[in-house]
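# What the coordinates show
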Amino acid sequence: MAGIKKVVLAYDDSTGSKKALQLAKEVTRDKEGIKLYIGHVYEEEVKSELVESTERPIEHLPINNFPADVVQVPPLALEQGALDKSEHSIITHSSEKAFNNAKAELDALNMDIEYSTLDGSPAESILEFAKDVDADLIIIGQSGNEGIKRKILGGVSQKVANNAHCHVLIAK
């Protein structure tokens with residue numbers, strides 16, 4: 001590992017990338033002058049999901065649709081119990097969450113670390129990022145694609161290993 005000074009870690013908070021993070025810690029531990037570049041390919045998704053509410057639903061008006069000043073109010077359009085659920089936006093594949101989890105693991109190492117959010121196809125983005133920082137080594141987790149999809153399309157780690165300008169270490 002004598003000539004390795006710049007290491008790129010592809011990290012997306014998946015099981016494979018967590019293994020790659022552990023491997024990066026082992027490879028860089030107690031080594032002087034190594035800079036670790038952590039790249040996360042932006043794939044953030046926002047989806048809406050109904051979530052059960054713990055609050056009591058709004059009750060119907062107490063005076064049978066007629067307030068005290070005798071002006072008729074139309075009945076509530078919401079059926080009783082419809083407010084038991086509310087819609088919330090849930091963010092998945094968050095770069096911020098991935099970086100916070102990586103920082104929690106790496107803070108104790110006291111080394112030079114740079115975090116970058118990447119755009120585009122995961123394999124191409126990681127390869128371009130590694131070239132831009134002139135990396136000596138890329139550490140990546142084994143791709144999660146299984147079966148026929150992986151055989152036809154190939155995994156991200158396979159594409160990175162086949163096309164990288166530097167060494168690639170795949171964590172299994």
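Right above here is the structure, for reference.
Residues numbered from 1 in each chain as written. Predicted model: local features only at pLDDT ≥ 70, side-chain atom pairs only at ≥ 80, totals over all residues. Heavy atoms only, no water.

### Digging into unusual backbone geometry
Note the threshold: In this description a helix means any DSSP run of H or I spanning at least four residues, a strand means any run of E spanning at least two, and both kinds are numbered starting from the N terminus. Here's how the labels work: a residue is buried when its accessible area is under 20% of the maximum for its type, exposed when over 50%, partly exposed in between, all with a 1.4 Å probe on protein chains only.
Positioned with a positive phi, D13 is a non-glycine residue whose angle comes to about 70°. Within the secondary structure layout, D13 lies in the loop between strand 1 (6–10) and helix 1 (15–28). Taking relative accessible area as the criterion, D13 reaches 16% and is therefore assigned buried.

### Some words on the pattern of salt bridges
Any two side chains of opposite charge can pair, on the condition that their charged atoms come close. Put simply, the rule is: Salt bridge, as applied in this entry: a Lys or Arg side-chain nitrogen positioned within 4 Å of an Asp or Glu carboxyl oxygen.
Following the criterion strictly, the structure yields three salt bridges and no others. Residue K35 is joined to D112 by a salt bridge in which the shortest nitrogen-to-oxygen separation is 3.9 Å. Within this pair, whereas K35 is found in strand 2 (residues 35–41), its partner D112 is found in strand 5 (residues 112–118), the two being separated by 77 residues in sequence. Salt-bridge contacts for K35 lead to E114; the nearest nitrogen and oxygen are separated by 3.2 Å. With K35 in strand 2 and E114 in strand 5, this pair connects stretches of sequence that are 79 residues apart. Among the ionic contacts, a cluster of salt bridges with common partners joins K35, D112 and E114.

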